[in-house]
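Residues per chain are reported as follows:
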Amino acid sequence: MRVRAVVPQKWLLRAKGRLGSVLPEEARAALSLALLKSVCGVLRATAGVEDVVVMTPDPAVRDHAAACGIRGIFDPRPGLNDALAGAFRVLSITGGGLLVVAGDLPLLQPADVAALLDCGEARTLVLAPSRDVAGTNALLLPPGVVVRPAFGLGSRRGHQTLARRLGLRVVEVHRPGLAFDLDTPADLAALRGWRAAAQP
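If you're wondering where the values come from, they're calculated on a predicted model, not measured in any experiment.

How each quantity is defined
- Residues numbered from 1 in each chain as written.
- Predicted model: local features only at pLDDT ≥ 70, side-chain atom pairs only at ≥ 80, totals over all residues.
- Heavy atoms only, no water.
- Helix = DSSP H or I, 4+ residues; strand = E, 2+ residues; numbered from the N terminus.
- Buried < 20%, exposed > 50% of the residue type's maximum accessible area, 1.4 Å probe, protein only.
- Lys, Arg positive; Asp, Glu negative; His and termini not counted.
- Salt bridge = Lys/Arg side-chain N within 4 Å of Asp/Glu carboxyl O.
- Polar contact = N/O pair within 3.5 Å; in protein donor to acceptor, adjacent residues only side chain to side chain.
- Core = buried A, V, L, I, M, F, W, Y, C linked by side-chain atoms within 4.5 Å.
- Contact = heavy atoms within 4.5 Å.
- Pairing = 2+ DSSP bridges.

So, about the side chain of R28. With respect to the helices and strands, the residue R28 is situated in helix 1 (residues 25-44). It turns out R28 is buried and unbridged, and the closest side chain with the opposite charge, E25, is 4.8 Å from it. A polar side-chain atom of R28 sits 3.3 Å from the main-chain carbonyl oxygen of K16.

So, in structure tokens, the structure goes:
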């Protein structure tokens, strides 16, 4: 399935607040931008992803995306789900599926995104749960389906409910690269440990 991918990114001043006990504000902003660049690079390297856009209210993030050759779109709404619904209406005009991927997945690889796309079919909603299996780190909507998503607390169940209401089949993709999102000091420590272990 060919798709257009959206990567949401909040204001840098509010990014990664749960890391405040271990990283100062500037370091959290830099980490957020590095993660965003990595995720967008993976999406651009995946066959079937025809376009990648960063949705953000932050001009600094849009400037950073543009410097990396990635289009930024303005997020004018206070809620993520309302903002995504608006973006979906615009991006769906050209056809294809719509893919939302969290911008804080440090282990994401093209094979992870390809696994999502391989499951994409008509009348099928594909989601990748977070490690705690309560959240959603990626969501693939089939062509012609434009909805208000259910990101937030308990979003996995929310998206399952949404799919049932729309008469869509649900397929879940469980892969470490999709499940591991970097939010807490424990996540950061785990990532540093894995990277240290991977060094020759």
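There's plenty left to go through after this.
Moving on, we come to the pattern of salt bridges. What the rule picks out here adds up to eleven salt bridges. With a closest N to O distance of 2.6 Å, D112 and R175 form a salt bridge. Remark: R175 occurs in the loop between strand 7 (169-172) and helix 6 (176-179) and D112 occurs in helix 4 (residues 110-118); sequence separation between them is 63 residues. For D112, a relative accessible area of 5% corresponds to the buried category. Of the residues examined, R175 reaches a relative accessible area of 30% and is grouped as partly exposed. We note a salt bridge from E121 to R169, for which the minimum N-O separation is 3.1 Å. A residue pair is termed long-range when its members are at least 10 positions apart, and E121 in the loop between helix 4 and strand 5 (124-129) and R169 in strand 7 qualify at 48 residues. Classification of E121 as partly exposed rests on a relative accessible area of 43%. One salt-bridge network, in which partners are shared between bridges, spans K16, R18, D104 and D183.

It is worth spelling out the nonpolar core at this point. Residues L43 and L99 are the most contacted members of the largest nonpolar core, which totals 33 residues. Elements represented by at least two residues in this core include exactly strand 1 (3-8), helix 1, strand 2 (49-56), helix 2 (59-67), strand 4 (97-101), helix 4, strand 5 and strand 6 (136-141). Looking at this core element by element, the count peaks at seven residues for helix 1. Setting aside residues up to four positions removed in sequence, L43 forms contacts with A5, V7, V49, V52, L99, V101 and V113. Residues L84, L127, L141 and A163 belong to the second largest nonpolar core, which totals 21 residues.

Attention shifts here to unusual backbone geometry. Residues other than glycine seldom take positive phi values, yet R123 does so here, at roughly 60°. With respect to the helices and strands, R123 occurs in the loop between helix 4 and strand 5. Judged by its relative accessible area of 45%, R123 is partly exposed.

Right, let's get into the pairing of strand 6. Each regular strand shows side chains that alternate between the opposite faces of the sheet. Among the six residues that make up strand 6, six are buried, leaving the element largely enclosed by the rest of the structure. Hairpin connection, strand 5 to strand 6: the antiparallel pair is bridged by six residues, and V133 has positive phi, about 55°.

As a further point, take the environment of V145. Within the secondary structure, V145 sits in the loop between strand 6 and helix 5 (155-166). Residue V145 is classed as buried on the basis of its relative accessible area, which comes to 10%. Spatially, the C-alpha atom of V145 lies 25 Å from that of K10, the residues being 135 residues apart in sequence. Ignoring any residue separated from it by four or fewer positions in sequence, one finds V145 in contact with L98, R123, L166 and L168.

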